[in-house]
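# Topology and contacts: notes
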Amino acid sequence: MQLRTLLPLSLLALSATALAKPLTVCTDASPEGFDVVRYNSLTTTNASADVLFNRLVEYDARQGKLVPSLATRWTVAPDGLSITFTLRDKVAFHRTAWFNPTRALDADDVVFSFQRMLDSKHPWHKTAPTGYPHAKSFQLDKLIKAVVRVDNRTVRFELNQPDATLLPTLSMGFASIYSAEYAAQLARAGTPELLNSQPVGTGPFQLQSFAKDSAVRYAANPAYFGGKPAAERLTYAITPDSNVRVQKLKAGECQIAIGPKPQDVQEASADNRLSVLTTPAFMTGFVALNSQHKPFDDKRVRQAVNLAFDKASYLKAVFGGSAIAASNPFPPSTFGYNKAIKDYPQDIVRAKKLLADAGHPNGFDTSIWIRPTGSTLNPNPKAGAELLQADLAKIGIRAEIKVIEWGELIKRGKAGEHDLLFMGWAGDNGDADNFLTPQFSCAAVQSGTNFARYCDPKLDKLITDARRDASPKLRAANYARAQQIIKEQALWLPLAHPTAAVITSNKVSGYQVSPFGRVDFSKVVLK
């Protein structure tokens, strides 16, 4: 018989913690904050909504449909004017150094999370200095009449008119559910601003610390309703240079590297220590032309920019064949895509004539804004900007390239300070409205997500009608006409629909790359 030594439970717990392997992810930039409803960048969504919070529903890209999350089921009224959600039972909020919850998630939390964004008289509405860009862009304050607590586990959204896109919109990061109890605690203390630096959610991880441009550190949420993550600790190692991200991955300093350059993907594919995960991305890289800045307020100038650009050379130099050329705001696989629209060809003679017709026969001076480092949507900002700069010079446009830190770029771009802005947009649920409303609606000019700064009543009505109509045929027709206007007005210089890629250590399992750029580390296991 073997003699077995029984360890005290406390020592067993310590032993299990010691054996749990931490997960480090090399990311490309710092989040703007953690109060996700205030921001619109994917970087911030990944660092907040995707790890700290949950939504009522989530969009499962593999199944191509909405699935339950904090709501276990929902019912849409026959007239489309209300949606009733049944909440999951016994969902715990994070227990942190700054908050000790006394109750589980209930209807009050859902009501608080939405009324804060929608009701200008709500005590918490003005706690977001930059406003609520997504809620404003989607005009949820006009769509949603009220968010009503029916009982402890039932919430009803009452609408002013039917909307075919509301349910999928609720899977977006900004629709995350906050703790009303924690908000009340902060309000009593007179410190509502701490919601942005000391967040509390229901997600798989909870925040431990954040050092800007260095690291975000999380701990596994032991009470997560989806099951405690296998990784006891999660660290975002903020590494702007994509080459350095891959070097750290090879050195074992991180186990996942996001946003690799196409060249890095090719090299990693031949390295048996690494795994490459890819999927066609529901994203578009583009250059926004600020229609509120002269001379870009003239569509002939915007068209000339499109005609001057050699897109084939750009795709080869920047994406190395890993992306397809963009002609429209969203990828060709999207419902409502207008296949009849053809891309602007490179035509220097025609571009020069348009400039002359617009009163600029000798060109003009302008600026091109880019971020310092690469991402999935723009693997090499400097190279791309230099190619555009050279092409514009051929028609007399003298463009200065300005490199601006990511957070500042987003802030100033939303304020409309740019002329030409390299930017990208990732949809969240496969619907064309994910691009059209936040990028081309009039409300999105006010919220800042419409980087073309273009407001046209006819275009706005087409986008709005497509949201409200339940008929797929009518929605597709409105989308087709909207794309025609966007193309004719040359509001963007559409660049590319990239391939989303992530490189991992071969010791990683359970991670899936998202076509939307979202992340889920809750099921990742390290061998």
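As a starting point, this report considers the structure included with it. The shown structure was predicted, so the numbers you read here are calculated from the model rather than taken from an experiment. Along each chain, residues carry numbers from 1 onward, in the same order as the chain's sequence is written. Confidence filtering applies because this is a predicted model: local features only for residues at pLDDT of at least 70, side-chain atom pairs given and counted only at 80 or more, and all residues used for totals across whole chains, interfaces and linings. Hydrogens and water are ignored here; the side-chain numbers use all heavy atoms of the structure.

## Points about the packing of aromatic side chains
Aromatic ring pairs: the centre-centre distance and the angle between the two ring planes describe each pair. When two rings of Phe, Tyr or Trp (its six-membered ring) have centres within 6.5 Å they constitute a pair, described as stacked for plane angles under 30 degrees, edge-to-face for angles over 60, and tilted for the intermediate range. Within this structure, the stated rule accounts for 22 aromatic pairs. Their ring planes at 35° and their centres at 4.8 Å tell us that Phe 53 and Tyr 178 sit as a pair that is tilted. In this pair, Phe 53 sits in the loop between helix 3 (49-52) and strand 2 (57-60) while Tyr 178 sits in the loop between helix 7 (166-169) and helix 8 (180-189), placing the two residues 125 residues apart along the sequence. The exposure class of Phe 53 is buried, given its relative accessible area of 2%. In this scheme, a residue with accessible area under 20% of its type's maximum is buried, one over 50% is exposed, and one in between is partly exposed, where area comes from a 1.4 Å probe on protein chains only. Using a relative accessible area of 2% as the deciding quantity, one classes Tyr 178 as buried. Between Tyr 511 and Phe 521, the ring centres sit 5.4 Å apart and the planes meet at 15°, which makes this aromatic pair stacked. Here Tyr 511, found in the loop between strand 20 (508-509) and strand 21 (525-526), pairs with Phe 521, found in the loop between strand 20 and strand 21; they are ten residues apart in sequence, far enough to count as distant. Of the two residues, Tyr 511 and Phe 521, neither departs from the other in class, the shared state being buried. When the NZ atom of lysine or the CZ atom of arginine is within 6 Å of a ring's centre and also within 35 degrees of its normal, the charge is said to sit over that ring. The side chain of Arg 116 reaches across the aromatic face of Tyr 178, ending 5.8 Å from its centre. The ring centre of Tyr 344 lies 4.5 Å from the NZ or CZ of Lys 487, which sits over that ring. Per the convention used, a helix needs a DSSP run of H or I reaching at least four residues, while a strand needs a run of E reaching at least two, with both numbered from the N terminus.

## Comments concerning the sheet that holds strand 14 (residues 324-325)
Within a sheet, each strand pairs with its neighbour through backbone hydrogen bonds, oriented either parallel or antiparallel. Strands qualify as paired when DSSP identifies two bridges or more between them. The mixed open sheet is built from six strands, whose spatial order is 14-18-13-17-15-16. Two strands close off the open sheet at either side, each with one partner strand: strand 14 and strand 16 (397-403). Where strand 14 meets strand 18 (residues 492-497), two bridges bridge the pair, whose relative direction is antiparallel. Along strand 18, the bridge assignment pairs Ile 324 with His 497. Should any heavy atoms of two residues lie within 4.5 Å, those residues are considered in contact. With axes taken as lines fitted to C-alpha atoms, and helix axes fitted only over the stretch in contact, angles between N-to-C directions fall between 0 and 180 degrees. Along the sheet, helix 15 (residues 406-414) contacts strand 15 (364-370) and strand 17 (420-426); its crossing angle with strand 17, the most-contacted strand, is approximately 100°.

Read these as spatial facts, not as claims about activity.
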